[in-house]
Amino acid sequence: MSNHSKKVWMSVTRAPRKLNELAQCELTQCEAIEERLKHSLKELSDIKLGLDRAAIVEIADEKGIIRYVNDNFCQTYKYQRNELIGKTDCIINSSNHTPEFSRQLWETLTAGKTWKGEVKEKAKDGTEVWVDATIVPFLNESGIPYQYLAIRFDITERKRGEEVLRQAEAKYRSIFENAIEGIFQTTPDGGYINANPALARIYGYESPAELIVDLTQLDGENYLDRNRRREFMELLQKQGAVLNFESQVYRCDRRRIWISENAWAVRDSQGKLLYYEGTVEDITERKRTEEQLRHNAFYDALTGLPNRALFMDRLTQATRRMKQSPEYLCAVLFLDLDRFKVINDSLGHRVGDRLLVAIARKLETCVRYTDTVARLGGDEFTILLEDLLDPDDAAKIADRILTELALPVCLENHEVFTTASIGIVLGHADCDRPEDLLRDADTAMYRAKATGKARYAIFDGTMYACAVARLQLENDLRRAMERQEFCLFYQPIVDLSMGRISGFEALIRWHHPQRGLVSPEEFIPLAEEMGLIVPMGDWVLREACCQLKQWQELFGLNAVDRALKSGRDRRISPTQPPLSMSINLSGKQFSQPNLSDTIARILDQTGLSGESLKLEITETLLMENAASVTATISQLRNLGIQLCIDDFGTGYSSLSYLHQFSIDTLKIDRSFVSQMGAAENGEIVKTIVTLARNLGMDAIAEGVENREQLTQLRGLQCQSAQGYYFSPPVDRDVAEALILFNRHKAPRETIGDRRSSACINE
């Protein structure tokens, strides 16, 4: 038996010894060959196993008909083996192979050569399969291929990765080429190796190549501060990345621009530095905008002077210096133009703005370059004087400013004159807040304005106390209406021909809870400034009308008739006219468009007749706006209301407006009455009385304080008078006592003929 356990019949012939040895040798050789064959088969089996596991294997005959495929082939292309055997590779052709490709492949194979390449094929379900293929032709003795072995490796995932990478590279290249930001790559020592067109444009070059050559040669010389380039590279090497590194650089045309650089290190998988990559943005416009914003934040747009914010910053620094250096002396000047509103309203805001600019230039010429001239707003300016040698220097500079501002300014063919009121405060080490210095200078400025304008005032402690008191008074005044702290006093107006009270003038008084009665001279101007005068005036109108209606009902004809019938007082005359009430109207109140509606409503609510109401206005008010005044007077006339010119002779005493407006009464100012002893003033009073009589008006003399004045007025045939000789302003109860006394007295006996105290006691 052989090693393969097969039966073999042998013919054995005894041979000589030598022949036996020869046979034995051949047998040994056969066994060795058989062993090598077994080993080769094992190797082939291992190779096949390895190929089956690692590769896609196909064997085709000389015509390309598939004779064998391994399991990997079936799994990759998603076919059953029987679907493939007997078919050609056309079954997995993706239709992307051109005829030229197929021709070259078969030319290579039929020539007995191995073909290698990457091919895109198609699985049964239509998915694409990329393979790295090697096709080996097996040749017969004649060198003609009789079959082909195709070994494929699936590289689909690799191809997908390459496609993703290709797309990413294309996208990066598109961004690189088309970005509006400059993009660069440099060597670790800073030499440029790549740049995009945007970077070339930023630096003013025609192409990236020119930029790379030039910037490499410049070696940082294009930076205004050459240290910036060194600092940039040091930070990059130390931190691995630099963000928003801003510098000024020169373009190739030597024009300066601002740039912002970002850069980061690019390393390989082992962390080795390959190069630096980054971006450059031209931020020149942004810097210009930021500078403009900073300028706008600290400088006045109209005059170019420092504004409040910058002035306060410098004043804060000066305050610190005062605390650190006792010898340091500074001063703050607060300047407000006088009558600027008149210029603005008459010549227009454009001229007003030009005047402010001219004033700013004048102020700059009056101070040193180390001082700060600022515009706070409107027509208010401030000046910080630093390092003064003497406190008097501040006053000298203020004098210089007043002199300079007194000179005319020519604006658009107009010669404009203006003055200013200046407040001065000297800095002191005890000042903790710069705002206090500005406040004190402002307070001093208002003192200068109150004492005549076109001057300066130096701050002292009493000014601050007055300012605090004024502020407290403002706060109290706002609450006074709510707390009903106002009341009316009444001063009788006497008919000099009858010697009886013909009416009263209603005068507002303020009962302050702490200060008692506050003078109208103190709170009326304040109410004007605070915008309270209109509601305050409406309250006076309502209260006065209501009170007069009560008095008319109490002391009117019905009450007289009852008294006569009862026989209690036979001296009461049933022909006495009803009382009237005179009320002062402020300019703001008179200019209200709904004034007549307001008064009509009050008359309706109180039941008072319009004929019993007299409204007193000033000459100045009549002259401000003739058209609107005429309309308002006409509306008031329709209500039956009488109009009086208060303080006649002290304002625009023009005869024309007396004809233009329907005026009933002229009230002679107390300044003329009090000086009637002087010939000139006596003639003025006489002229006014005569004028009123000739124009069909009444005349009322104010401020009568003695019998001599009364006698003179009667001699001039003045119709009425009021003053302390008859009675001071009194409250409601005393006024009622005066009315009652007036009813009891004899004809032509004025209430001034007895002492007021006796009248009130009765």
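As shown above, the structure is provided for reference.
Just so you know, these numbers come straight off a predicted model, no measurement behind them. (Residues numbered from 1 in each chain as written. Predicted model: local features only at pLDDT ≥ 70, side-chain atom pairs only at ≥ 80, totals over all residues. Heavy atoms only, no water.)

1. Quick look at the overall build of the protein chain
Move 1: Of the regular secondary structure elements, the protein chain holds 28 helices and 26 strands.
Move 2: Each of the three principal axes of the protein chain carries a C-alpha extent, and together these read 200 × 75 × 50 Å.
Move 3: Across the 762 residues of the protein chain, 43% fall into the buried class.
Move 4: Considering only contacts within the protein chain whose residues lie at least 6 apart along the sequence, 58% involve residues at least 24 apart.
Move 5: Surface accessibility of the protein chain: about 42100 Å² in total, with carbon and sulfur atoms responsible for 52%.
Move 6: Here the protein chain contributes 95 positive and 112 negative side-chain charges, whose respective centroids are spaced 4 Å apart. (Helix = DSSP H or I, 4+ residues; strand = E, 2+ residues; numbered from the N terminus. Buried < 20%, exposed > 50% of the residue type's maximum accessible area, 1.4 Å probe, protein only. Contact = heavy atoms within 4.5 Å. Areas by Shrake-Rupley, 256 points an atom, 1.4 Å probe, with all protein chains shown as cover. Lys, Arg positive; Asp, Glu negative; His and termini not counted. Charge placed at Lys NZ, Arg CZ, Asp CG, Glu CD.)

2. Considerations on helix α16 (residues 520-530)
Move 1: Listing the buried residues of α16 in full gives P520, F523, L526, A527 and M530. Projected onto a plane normal to the axis of α16, the buried residues spread over an arc of 145° and lie on a single side. For α16, the exposed residues lying more than 90 degrees away from the buried face are E521 and E529.
Move 2: On the buried face of α16, the contacting elements are α15 (461-480), β18 (486-495), β19 (500-512), β20 (516-518) and α17 (533-555).
Move 3: In the stretch just after α16, G531 is the one whose phi turns positive, near 75°. (Arc of directions from axis to C-beta.)

3. Some details on a nonpolar patch on the surface
Move 1: Together, L37, L41, L44 and I47 make up an exposed nonpolar region whose accessible area comes to about 400 Å².
Move 2: Its place among the elements puts L44 in helix α1 (residues 17-54).
Move 3: For L44, a relative accessible area of 53% gives the class exposed. (Patch = residues over 30% accessible without salt bridge, like charges linked within 9 Å, V, L, I, M, F, W, Y side chains within 5 Å. Salt bridge = Lys/Arg side-chain N within 4 Å of Asp/Glu carboxyl O.)

4. With respect to the sheet that holds strand β2 (residues 66-69)
Move 1: Taken in spatial order, the 5 strands line up as β2-β1-β5-β4-β3 in an open sheet, and their pairing is antiparallel. Looking along the sheet, the strands with just one partner apiece sit at the ends: β2 and β3 (115-122). Pairs of neighbouring strands in the sheet enclose a mean axial angle of 25°, with direction left out of account.
Move 2: As paired strands, strand β4 (residues 128-139) and strand β5 (residues 145-154) are joined by 9 bridges and run antiparallel to one another. By the bridge assignment for β5, V131 is matched with D154.
Move 3: Sitting on the sheet, helix α5 (residues 156-178) touches β3, β4 and β5, and the angle it makes with β4 is about 130°. (Pairing = 2+ DSSP bridges. Axes fitted to C-alpha atoms, helices over the stretch in contact; angles between N-to-C directions.)

5. Brief notes about the sheet that holds strand β13 (residues 380-385)
Move 1: A sheet is described by the order of its strands in space; here 5 strands give the open sequence β12-β13-β11-β16-β17, paired in mixed fashion. At either end of the open sheet lies a strand with only one pairing partner, and these are β12 (372-377) and β17 (456-458). Across this sheet, the average inter-strand angle for adjacent strands is 20°, counted without regard to direction.
Move 2: Two elements, β12 and β13, share 5 bridges in a ladder whose sense is antiparallel. Residue pairing in the sheet places A374 in a bridge with T382 of β13.
Move 3: Where helix α14 (residues 434-450) meets the sheet, it contacts β11 (331-338), β12, β13, β16 (419-426) and β17, and its direction lies at approximately 140° from that of β16.

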